[in-house]
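Residue-level structure breakdown
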Amino acid sequence: QAPFDAAKIPLYDHSTFLPPTPSFEYPAFTDSSGAVNNVEGYLNWETPQSSDTGFTQSLLIYMAEDRLGTNQTYVGEVAIGTNRLWIDDLQHWGMEWFVVYGQNE
């Protein structure tokens, strides 16, 4: 095998332990839209240095009716290490929660 192919071999963790749930600190959102049932502005957060995001490539952000993600609507995606997302004039229709999922491909 050529040396450059060696870097393309995926590594998998075969342990029986799940990594801890990543935590976010100081989530903040200020709606600057001014329109009824619309939101616009930056969603900000901080990721503690102790968070295990070694296998996480990006964060997927949704709006939902509750913290469990009921009736969620996709808002956007950011690379891991990014601490904010611009939300551009999104209709929320009663969805008052932002739900964030880690994604690894």
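As a starting point, this report considers the structure included with it. Note that the structure is a prediction, hence the values are computed from the model and not measured.

The relative placement of two aromatic rings is captured by the distance of their centres and the angle of their planes. In the structure shown here, the tally under the stated rule is four aromatic pairs. Each ring, one from tyrosine 42 and one from tryptophan 86, has its centre 4.9 Å from the other, and the planes form 65°; the classification is edge-to-face. Of this pair, tyrosine 42 sits in strand S2 (residues 38-46) while tryptophan 86 sits in strand S5 (residues 84-91), and the two are 44 residues apart along the sequence. A network of ring pairs unites the aromatic residues Tyr62, Tyr74 and Tyr101 as a single cluster. The aromatic ring of tyrosine 42 is capped on one face by arginine 84, whose charged end is 3.8 Å from the ring centroid.

Mapped onto the secondary structure, glutamate 40 falls in strand S2. For the buried residue glutamate 40, which engages in no salt bridge, the nearest side chain bearing the opposite charge is arginine 84, 13 Å off. Other than its neighbours up to four places away in sequence, glutamate 40 contacts Phe29, Thr30, Asp31, Ser32, Ser33, Trp86, Ile87, Asp88 and Asp89.

Attention now goes to the pairing of S2. Residues in a regular strand project their side chains so that they alternate between the two faces of the sheet. For strand S1 (residues 25-29) and S2, the ladder comprises three bridges, and the chain directions are antiparallel. In the sheet register, alanine 28 faces S2, and the bridge partner there is asparagine 44. Across six bridges, S2 lies against S5 in antiparallel orientation. Across the sheet, glycine 41 pairs through a bridge with isoleucine 87, a residue of S5.

Moving on: the environment of tryptophan 93. With respect to the helices, strands and loops of the structure, tryptophan 93 is situated in the loop between S5 and strand S6 (97-103). Separated by 57 residues in sequence, tryptophan 93 and valine 36 place their C-alpha atoms 9.1 Å apart. Among the polar contacts listed, one links the side chain of tryptophan 93 to the side chain of glutamine 91, at a separation of 3.0 Å.

Once that is clear, we can look at the nonpolar core. Grouped burial of nonpolar side chains is what soluble globular proteins tend to show. Within the largest apolar cluster, ten residues are counted, these being Val39, Leu43, Trp45, Leu59, Ile61, Met63, Val78, Leu85, Ile87 and Met95. Excluding anything up to four places from it in sequence, tryptophan 45 contacts Phe24, Glu25, Tyr26, Pro27, Leu59, Ile61, Val78, Thr82, Asn83, Arg84 and Leu85.

Read from one edge to the other, the open sheet built from three strands follows the order S4-S3-S6, with strand pairing classed as antiparallel. Whereas interior strands pair on both sides, the edge strands pair on one side only; in this sheet they are strand S4 (73-79) and S6. Averaged over all neighbouring strand pairs, the angle between strand axes comes to 25°, with direction disregarded. The pairing of strand S3 (residues 58-64) with S4 spans six bridges and is classified as antiparallel.

As a further point, take unusual backbone geometry. Notably, asparagine 37 is not glycine yet its phi reads approximately 65°, a positive angle. Structurally, asparagine 37 is set in the loop between S1 and S2. Classification of asparagine 37 as partly exposed rests on a relative accessible area of 25%. Positive phi is not limited to glycine here, since tryptophan 93 has a value of about 40°. In this structure tryptophan 93 comes out as exposed when scored by relative accessible area, which is 56%.

Criteria and cut-off values
- Residues numbered from 1 in each chain as written.
- Predicted model: local features only at pLDDT ≥ 70, side-chain atom pairs only at ≥ 80, totals over all residues.
- Heavy atoms only, no water.
- Phe/Tyr/Trp six-rings, centres within 6.5 Å; stacked < 30°, edge-to-face > 60°.
- Helix = DSSP H or I, 4+ residues; strand = E, 2+ residues; numbered from the N terminus.
- Lys NZ or Arg CZ within 6 Å of the ring centre and 35° of its normal.
- Buried < 20%, exposed > 50% of the residue type's maximum accessible area, 1.4 Å probe, protein only.
- Lys, Arg positive; Asp, Glu negative; His and termini not counted.
- Salt bridge = Lys/Arg side-chain N within 4 Å of Asp/Glu carboxyl O.
- Contact = heavy atoms within 4.5 Å.
- Pairing = 2+ DSSP bridges.
- Polar contact = N/O pair within 3.5 Å; in protein donor to acceptor, adjacent residues only side chain to side chain.
- Core = buried A, V, L, I, M, F, W, Y, C linked by side-chain atoms within 4.5 Å.
- Axes fitted to C-alpha atoms, helices over the stretch in contact; angles between N-to-C directions.

Fair warning: the whole summary comes from geometry, so function is off the table for now.
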